[in-house]
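Commentary on secondary and tertiary structure
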Amino acid sequence: MNKTFNLLFFIKKNKIRTNGTAPIYLRITIDCKAAEIAAKRYIDPKKWDNKAQKALGNSQEAKTLNSYLKTLEQQVYDFHFLMLKEEVVVTAESLKSKLLGTDIEQRMLIPIFQEHNDKVKALVGQDFVPGTLERYKTSLKHTQEFIIWKYKVSDIERL
């Protein structure tokens, strides 16, 4: 379960375009790890409220932009909820990938380790001796026990 989850809209003043507008970004922070997404919208920095994280004023332009940002924010919350419901490990990067549609299949450590052991098992008698396979099985067992002891979960995401 995630300890922290935060969203922040901000403008990048160091990327101001020639027309004087700056890009708006969304920072997703989960458990002190952040990922940034370009909102694909631009605003004059004088018309941006950092505290409220939205455009200033009641103009149609400001209302449209703020509505778009609220929609983007809601999409993040929806994907976060779906990932939690599917019991997927949620990180800032995985949430960003899901939002951008570039999410890749998450690989967990234990299935990767087990796949390795299965390959070694197929090669026992050719490239490996039975004792090597037993040591790999023992190593997998100790790794599983360590993950449970240290992180209080049954598996961790591959880094």
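Residues numbered from 1 in each chain as written. Predicted model: local features only at pLDDT ≥ 70, side-chain atom pairs only at ≥ 80, totals over all residues. Heavy atoms only, no water.

1. Describing helix α4 (residues 130-151)
In an α-helix, one turn spans 3.6 residues, which is why side chains three or four residues apart end up on the same side. When the terminal C-alpha atoms of α4 are compared, their 31 Å separation across 22 residues agrees well with the 32 Å that a helix rising 1.5 Å per residue should span. For α4, the complete set of buried residues consists of T132, L133, L140, T143 and I147. Seen along its axis, α4 keeps its buried residues to an arc of 100 degrees; they face one direction. In α4, the exposed positions angled more than 90 degrees off the buried face are occupied by P130, R135 and W149. Buried residues belonging to α4 abut α3 (109-122). (Helix = DSSP H or I, 4+ residues; strand = E, 2+ residues; numbered from the N terminus. Expected span 1.5 Å × (residues − 1). Buried < 20%, exposed > 50% of the residue type's maximum accessible area, 1.4 Å probe, protein only. Arc of directions from axis to C-beta. Contact = heavy atoms within 4.5 Å.)

2. Describing the packing of α3 against α4
Between α3 and α4, whose axes approach to 10 Å, the crossing angle comes to 170 degrees. Classified by the interaxial angle, the pair formed by α3 and α4 is roughly antiparallel. Here L109, I110, F113, Q114, H116, N117, V120 and K121 of α3 come into contact with α4, specifically with L133, Y136, K137, S139, L140, T143, Q144 and I147. (Axes fitted to C-alpha atoms, helices over the stretch in contact; angles between N-to-C directions. Parallel < 35°, antiparallel > 145°, perpendicular 65-115°, else oblique.)

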